[in-house]
Amino acid sequence: MRNIFPAICFFFFFFWLGYGAPENTDHSKAVINGADKIRSQFLHLLRTRRSPQVPLTVEPAKPVQHPLFQQVPPPTFSEAMESCPKADIKNLKERLKEENFYLHTEAGEQGKLPVLILSLKDSKLKRRPAVVFLHSTNKNKEWVRPLLEAYASREYIAIAVDSRYHGERAHNLTTYRDALVSSWIKGDTMPFLFDTAWDLIKLADYLTQRKDIDPTRIGITGESLGGMHAWFAAFADTRYAVASPIIGVQGFRWAVENDKWQARVDSIKPVFEAARIDLGKSAIDKVVVKKVWDRIAPGLASKFDSPYSVPAIAPRPLLILNGANDPHCPLNGIKAPTKRARKAYAKAQASNKFKLIAQPGIGHEMTPLMVKEASDWMDRFLKQ
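Cut-offs applied
Residues numbered from 1 in each chain as written. Predicted model: local features only at pLDDT ≥ 70, side-chain atom pairs only at ≥ 80, totals over all residues. Heavy atoms only, no water. pLDDT = per-residue confidence, 0-100. Helix = DSSP H or I, 4+ residues; strand = E, 2+ residues; numbered from the N terminus. Contact = heavy atoms within 4.5 Å. Buried < 20%, exposed > 50% of the residue type's maximum accessible area, 1.4 Å probe, protein only. Core = buried A, V, L, I, M, F, W, Y, C linked by side-chain atoms within 4.5 Å. Expected span 1.5 Å × (residues − 1). Pairing = 2+ DSSP bridges. Salt bridge = Lys/Arg side-chain N within 4 Å of Asp/Glu carboxyl O.

A. Up close: the confidence of the model for the chain. Taken over all residues, the pLDDT of the chain has a mean of 93, while the share at 70 or more is 92%. Considering each helix and strand of the chain separately, the mean pLDDT is smallest for helix α1 (residues 5–10), with a value of 38, and largest for strand β6 (residues 157–161), with 99. Predicted confidence for residues 1–24 stays below pLDDT 50, and this span has 43 contacts to residues more than four positions away or in other chains.

This is the structure in structure tokens:
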């Protein structure tokens, strides 16, 4: 990072959560048992909207030369993407091993998960830690390549995937939005968050079988939509040992009840407009919003919302990174989940493994500070 980084950080507010008196192992077991129950319910939901299951297979693929972005104009540069700490290695790009393949997670076109992996060719480590970094809405796995290179330079196996209806899983500029509208109409898929959560469970199946990855040291992080995916993947699958969702964690029910849903709705507005018309409403309101969430992601604004799913990640290390002024993820909307998480981590005698950083003056934006903090978090818990 630049020399001014420490000075800048001095002015940021850091919200440290999760400190409490350690409690006995009976409390720790109770925390885990409660998490297992809600996790089981979530996994059951995921299985109810699956196409026929297929063996987990790998199909070779070629590097993507012209990745599809579902936004105009497509992005060209991100300071945050280029800011991840990187080892000082000469000719790094030449020393990187690149893998491109498809992982079949279920039958059908969307069951073909595109995967990009970068690692050092000449590593002396037999098994390395791994980090999965997930892209934001309208982008793709190729967009996060600078971050993968940085992690790979530091002896990680670095992984990115295209989420559902993105990247190689999209055909045009409206593929993702069309899928959301279709989900509202038919109710047979869950393209908002939950279908990709299923893919990430299958990805964990694959990663834990690799001989160059330590299956006990797999971390997951991501930006915005990718931050939400990282949150739900860590909730659903305990094989993700460390998590650091960036501008992703929020309170969906809180937003509905407190009339703070507009920014999130505007990011995927076509599905809400379709629902408004079907429901005979003159404008999108909280009734429309709740019905859409219940339809396309059942439980997202109720039993699987952040007050319940975030504490279920305990006692695994969890760092939540948000902007203090983010209208998509209002800080007031995560007071309940952070309070419950603090209690869960304390009961599991793991208070030092939960942290929230809210960067003042920042809206819905991943910053270099957030990238650095997530990177440090991975090093702290995956490189012990």
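Let's pick the thread back up.
B. Spotlight on the environment of Thr196. For Thr196, the location among the structural elements is in helix α6 (residues 194–207). Thr196 gets classed as buried once you look at its relative accessible area, which sits at 2%. When the C-alpha positions of Thr196 and Arg164 are compared, they lie 5.8 Å apart, and in sequence the two are 32 residues distant.

C. Broad picture of the nonpolar core. In terms of nonpolar packing, the biggest core is built from 83 residues, with Ile159, Phe192, Phe194, Leu203, Ile220, Phe232 and Trp293 touching the most fellow members. Membership of the second largest hydrophobic core comes to 38 residues, among which are Val131, Trp143, Ala150 and Met366.

D. A look at helix α7 (residues 225–236). Under the 1.5 Å per step criterion, the end-to-end length of α7 is 16 Å for 12 residues, consistent within 8% with the ideal 16 Å. By the burial criterion, the buried members of α7 are Leu225, Gly226, Gly227, Met228, His229, Ala230, Trp231, Phe232, Ala233, Ala234, Phe235 and Ala236.

E. Focus on the pairing of strand β3 (residues 96–104). Where strand β2 (residues 57–60) meets β3, four bridges bridge the pair, whose relative direction is antiparallel. By the bridge assignment, Val58 is partnered in β3 with Leu103.

F. Focus on unusual backbone geometry. Residue Pro73 is bonded to the preceding Val72 through a cis peptide linkage, with omega at -5°. On the secondary structure map, Pro73 appears in the loop between β2 and α3 (92–95). Here the residue pair Ala314 and Pro315 is connected by a cis peptide bond, since its omega of 10° sits within 30 degrees of zero. Among the secondary structure elements, Pro315 is positioned in the loop between α12 (306–309) and β9 (318–323). A positive phi angle, close to 80°, is found at Leu193, a residue other than glycine. If you trace the backbone, Leu193 turns up in the loop between α5 (175–186) and α6. One non-glycine residue, Ser224, lies in positive phi territory at about 60°. Structurally, the position occupied by Ser224 is in the loop between β7 (213–223) and α7. Under the relative-accessibility criterion, Ser224 is labelled buried at 8%.

G. Up close: the pattern of salt bridges. Under the defined criterion, the tally for this structure stands at 28 salt bridges. A salt bridge links Glu168 to Lys141; its shortest N-O distance comes to 2.6 Å. A residue pair is termed long-range when its members are at least 10 positions apart, and Glu168 in the loop between β6 and α5 and Lys141 in the loop between β5 (128–134) and α4 (145–153) qualify at 27 residues. Residue class for Glu168 comes out partly exposed when judged on its relative accessible area of 30%. Connected via shared salt-bridge partners are Arg50, Glu106, Arg164, Arg169, Asp195 and Asp199.

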